[in-house]
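# Structural overview for review
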2 protein chains.
Amino acid sequence: MMKTLVIGFGHVGQKLAEILFFEGDGSHGLASLNLTFTGIYTQSRGALLDTEGINVKQALLEIRKNGCFDKNNPQQTSIPLTQAIDELDYDLLIELSTLSIENKGEPAITYITKALERKKHVVTANKGPVAFTYGELSNLARKNNVQFRIESTVMDGAPVFNLAKQGLKGARVIGLSGILNSTTNYILSQMEKGKGFKEALNVAQSEGFAEADPHHDIDGWDSAAKIAALTNVLMQADITPDDIKREGISNITPEKITKALQSGKRWKLICRAWRDKNRVLASVMPEEISQQDLFAAIEGSGSCLRIETDLMNPIVIVQDSPTIKDTAYGVLNDILAVREIAGC
Amino acid sequence: MMKTLVIGFGHVGQKLAEILFFEGDGSHGLASLNLTFTGIYTQSRGALLDTEGINVKQALLEIRKNGCFDKNNPQQTSIPLTQAIDELDYDLLIELSTLSIENKGEPAITYITKALERKKHVVTANKGPVAFTYGELSNLARKNNVQFRIESTVMDGAPVFNLAKQGLKGARVIGLSGILNSTTNYILSQMEKGKGFKEALNVAQSEGFAEADPHHDIDGWDSAAKIAALTNVLMQADITPDDIKREGISNITPEKITKALQSGKRWKLICRAWRDKNRVLASVMPEEISQQDLFAAIEGSGSCLRIETDLMNPIVIVQDSPTIKDTAYGVLNDILAVREIAGC
């Protein structure tokens, strides 16, 4: 039995719960995963705690009905989250809170640090801790012989970190480039079809793939956090989103879009990372790319990452129109890896 | 010290030797790989054997000078290959012979079986054994608690098998599609630029990415072997290249190419696999695809694979213009995985 403490119960958390507790039976790969939620903590929806296991079906029903856990839910708790992290009996912390650029990845970093210090495994979908302080967290996990897994922080369930770890053994990553933010790629695609910026943004938000704060997407912060995360993990860099040369898409006017199309090009918000002597540098910038370029084929909410190494030609991984289910799946993949490696 | 027995010393074997013994120093990931070739067997270049380790530098020099090992090379051996596989002291068999469709993957299957029966690890770049009899070989490896690794058999060094194994935990692969043969994709790309079929084929061969026998490529046999391999490994099928509905590109005339381009399409040789009730079916067929399709962006010798699962939207892995070095790297990645898992 794997006991988990869950932080955050928004779209991703709810979807994960559905897959784990209700859809799982249909998928033979999940059948053997014996897991309980012993705590679910949210910022504004209440908190549930029960060492015997939360009634997840009831929790989902309440969230869907009222947007929060019911006051009369007998598993409601007044024990603060930090105390639960420090004292509760659990094997794995599932950290699903949202990125805070302003707070430089906090409070998620503190939560994860506390759990790792207690030798608990951690799986997170929050890119903040990876973008701001991956080195320290992964060292702490290694020292304490526990797993710190982050697959869903970039490109949702597309296994970019697993691919690099398992598939690029012995090779040195010398450069990365990609389209990593769904919202801006969707907006640029829609503007090419004649839609306005705001109209496209609204659709992205209603479809659920825009980040909570659209400025994070539009101004390139989400992209910056993702390329920082990738760079820290795959290129052993020690940078933060603040170190990245960054420009969003707010200067890409309909006129620029049309002009690019007429000359066989498309505007894309491109993330790049490269080695410069002993440093790793990274940028997020709108670029006009040829329509023949592979990156030009990334439509709508899709994303992609090109990995260049010293030992082979570049490989590219592409994610086709991801949904919230893909992010939840990335988390699930990490949970399964924890079980496999740690045997809990 | 990892002792290896090498079968095949063509382009891939020679490149692997270069990386392992001469380029390795520059790559920190390889520095700790303590490996010797205790035997190198070839079909027409002679065979070397020395339990203390082959002089690989000398072997490479001879091959480059004369196309075969020197008769006076003191490590030349008259011990037959099958005897060496059965009796020699080695940890890992590196099987790099070429695909034989006619012989249904033999003699490579026999070599690999013998090694696995002796509880030796096996790494192969030959897609024959995986396409014709993956189930038996992988069961034998599992039973004997040794590694049977095949990363370079499809898409060279692009880690498709590793990606699926590590990155798609719990998910069920429901379909595969891809462009898997460099030669035909290169020929089709060149024909779109107005080149003739033969001219394009000649370039592909001189660049080293056409298979030894061009009919294997042109008639879709190489693609069929690759989709059979993928299907056997990722969809737990039990099919062979003979079971696959197959059509090559010899009917794609310059007229068809032009007509497709004029209507916004491109001809591509597409491999597909899908589930049909309890069976897995697969095909290799030329298809006209939209120029907006991601697959249309696969230029020249590039290749790609789309993986559909029950738990997330499709992901695509793309390999950009691979060279022989990429195949050698795929083998190297497997060798490093054997070391990591088996600790030898």
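These numbers were taken from a predicted model, which means no experiment stands behind them.

This part takes up the overall build of chain A. A count of helices and strands for chain A gives 12 helices and 12 strands. Taken over C-alpha atoms, the radius of gyration comes to 20 Å for chain A, in line with the 20 Å a tight globule of 344 residues would show. In chain A, buried positions account for 61% of the 344 residues. Summarising the internal contacts of chain A: among those between residues at least 6 apart in sequence, 70% fall at separations of at least 24.

Residues and elements named next belong to chain A. Read from one edge to the other, the open sheet built from six strands follows the order E3-E2-E1-E4-E5-E6, with strand pairing classed as mixed. Since the sheet does not close on itself, it has two edges, and those belong to strand E3 (47-49) and strand E6 (148-149), each with one partner. Seen against the sheet, helix H4 (residues 108-117) touches strand E1 (2-7), strand E4 (92-95), strand E5 (121-124) and E6 and runs at an angle of roughly 170 degrees to E4.

Here the focus is H4(A). Residues and elements named next belong to chain A. Of the positions making up H4, those classed as buried are Ala108, Ile109, Tyr111, Ile112, Ala115 and Leu116. Considered in projection along H4, the buried side chains sweep an arc of 160 degrees and stay on one side of the axis. In this structure, the buried residues of H4 make contact with E1, helix H3 (81-87), E4, E5, helix H5 (127-143) and E6. Just downstream of H4 lies lysine 119, where phi reads positive at about 60 degrees.

Turning our attention to the relation of the copies chain B and chain A. When chain B is fitted to chain A, the residual RMSD is 0.0 Å, and the transformation amounts to a turn of 180 degrees plus an axial shift of 0.0 Å. Here the two chains are linked by the operation of a two-fold rotation axis. Across chain B, the rotation axis passes nearest the C-alpha of B:Ile317, at a separation of 2.2 Å. Residue by residue, 100% of the interface of chain B is reproduced at the interface of chain A, so both copies engage with the same surface.

Quick look at the packing of aromatic side chains now. This model, assessed by the stated rule, comprises six aromatic pairs over all chains. Aromatic side chains A:Phe21 and A:Phe37 sit 5.0 Å apart centroid to centroid with 85 degrees between the ring planes, which places their arrangement in the edge-to-face category. Of this pair, A:Phe21 sits in helix H1 (residues 11-23) while A:Phe37 is found in strand E2 (residues 35-41), placing the two residues 16 residues apart along the sequence. The ring centre of B:Tyr90 lies 5.4 Å from the NZ or CZ of B:Lys120, which sits over that ring.

Below, the discussion takes up the nonpolar core. One finds A:Phe37 and B:Phe37 to be the most contacted residues of the largest nonpolar core, which totals 218 residues. Excluding residues within four positions of it along the chain, A:Phe37 makes contact with A:Thr4, A:Val6, A:Phe9, A:Ala17, A:Leu20, A:Phe21, A:Asp50, A:Gly53, A:Ile54, A:Val56 and A:Ile94. Counting 22 residues, the second-largest nonpolar core is a separate cluster that includes A:Ala297, B:Ile179, B:Ile289 and B:Ile298.

On the chain A side, the residues contacting the 44 residues of chain B number 44 residues. For the chain B and chain A pair, buried surface summed over both sides reaches about 3600 Å², with 58% attributable to carbon and sulfur atoms. Three residues, B:Lys169, B:Leu311 and B:Tyr329, lead the burial of chain B against chain A; their summed loss comes to 19% of the area buried on that side. At the surface where chain B touches chain A, the tally comes to four salt bridges. Counting every contact that joins chain B to chain A gives 20 residue pairs in polar contact (both at pLDDT 80 or more).

With that out of the way, let us pick up unusual backbone geometry. Across the junction of A:Glu106 and A:Pro107, the peptide omega takes the value 5 degrees, indicating a cis bond. Relative to the elements of secondary structure, A:Pro107 occurs in the loop between E4 and H4. One non-glycine residue, B:Asp156, adopts positive backbone phi at about 50 degrees. Position of B:Asp156 relative to the elements: it lies in the loop between strand E6 (148-149) and helix H6 (160-167).

All names here are of chain B. The six strands lie next to each other as E3-E2-E1-E4-E5-E6, forming an open sheet whose pairing is mixed. Edge strands, defined here as strands with exactly one partner in the open sheet, are strand E3 (47-49) and E6. Docked against the sheet, helix H12 (residues 324-342) engages strand E1 (2-7), strand E2 (35-41), strand E4 (92-95), strand E5 (121-124) and E6, running at close to 160 degrees with respect to E5.

Residue and element names in this part refer to chain A. Here H1 crosses helix H12 (residues 324-342) at 65 degrees, and the two axes come no closer than 8 Å. In the packing of H1 onto H12, the handedness of the crossing is right-handed. Across the interface between the two elements, His11, Val12, Lys15, Leu16, Ile19, Leu20 and Glu23 of H1 pack against Ile324, Lys325, Thr327, Ala328, Val331, Leu332 and Ile335 of H12. Classifying every residue of the contact of H1 with H12 by side-chain character gives nine nonpolar, two polar and three charged.

This paragraph deals with the packing of helix H7 (residues 182-192) of chain A against helix H8 (residues 197-207) of chain A. All names here are of chain A. Relative to each other, H7 and H8 sit at 135 degrees, their axes nearing to 9 Å. Relative to H8, the element H7 lies oblique. The handedness of the crossing between H7 and H8 is right-handed. Residues Thr183, Tyr186, Ile187, Gln190 and Met191 of H7 form the contact with H8, whose participating residues are Phe197, Ala200, Leu201, Val203 and Ala204. Per-class residue counts for the contact of H7 with H8 are eight nonpolar, two polar and no charged.

Definitions and cut-offs
- Residues numbered from 1 in each chain as written.
- Chains lettered and ligands numbered in written order.
- Predicted model: local features only at pLDDT ≥ 70, side-chain atom pairs only at ≥ 80, totals over all residues.
- Heavy atoms only, no water.
- Helix = DSSP H or I, 4+ residues; strand = E, 2+ residues; numbered from the N terminus.
- Rg over C-alpha atoms; globule rule 2.2 N^0.38 Å.
- Buried < 20%, exposed > 50% of the residue type's maximum accessible area, 1.4 Å probe, protein only.
- Contact = heavy atoms within 4.5 Å.
- Pairing = 2+ DSSP bridges.
- Axes fitted to C-alpha atoms, helices over the stretch in contact; angles between N-to-C directions.
- Arc of directions from axis to C-beta.
- Least-squares fit on C-alpha atoms with pLDDT ≥ 70 in both.
- Phe/Tyr/Trp six-rings, centres within 6.5 Å; stacked < 30°, edge-to-face > 60°.
- Lys NZ or Arg CZ within 6 Å of the ring centre and 35° of its normal.
- Core = buried A, V, L, I, M, F, W, Y, C linked by side-chain atoms within 4.5 Å.
- Buried area = accessible area lost by both parts, 1.4 Å probe.
- Salt bridge = Lys/Arg side-chain N within 4 Å of Asp/Glu carboxyl O.
- Polar contact = N/O pair within 3.5 Å; in protein donor to acceptor, adjacent residues only side chain to side chain.
- Left-handed = near helix turned anticlockwise from the far one by under 90°.
- Nonpolar A, V, L, I, M, F, W, Y, C, P; charged D, E, K, R; others polar.
- Parallel < 35°, antiparallel > 145°, perpendicular 65-115°, else oblique.

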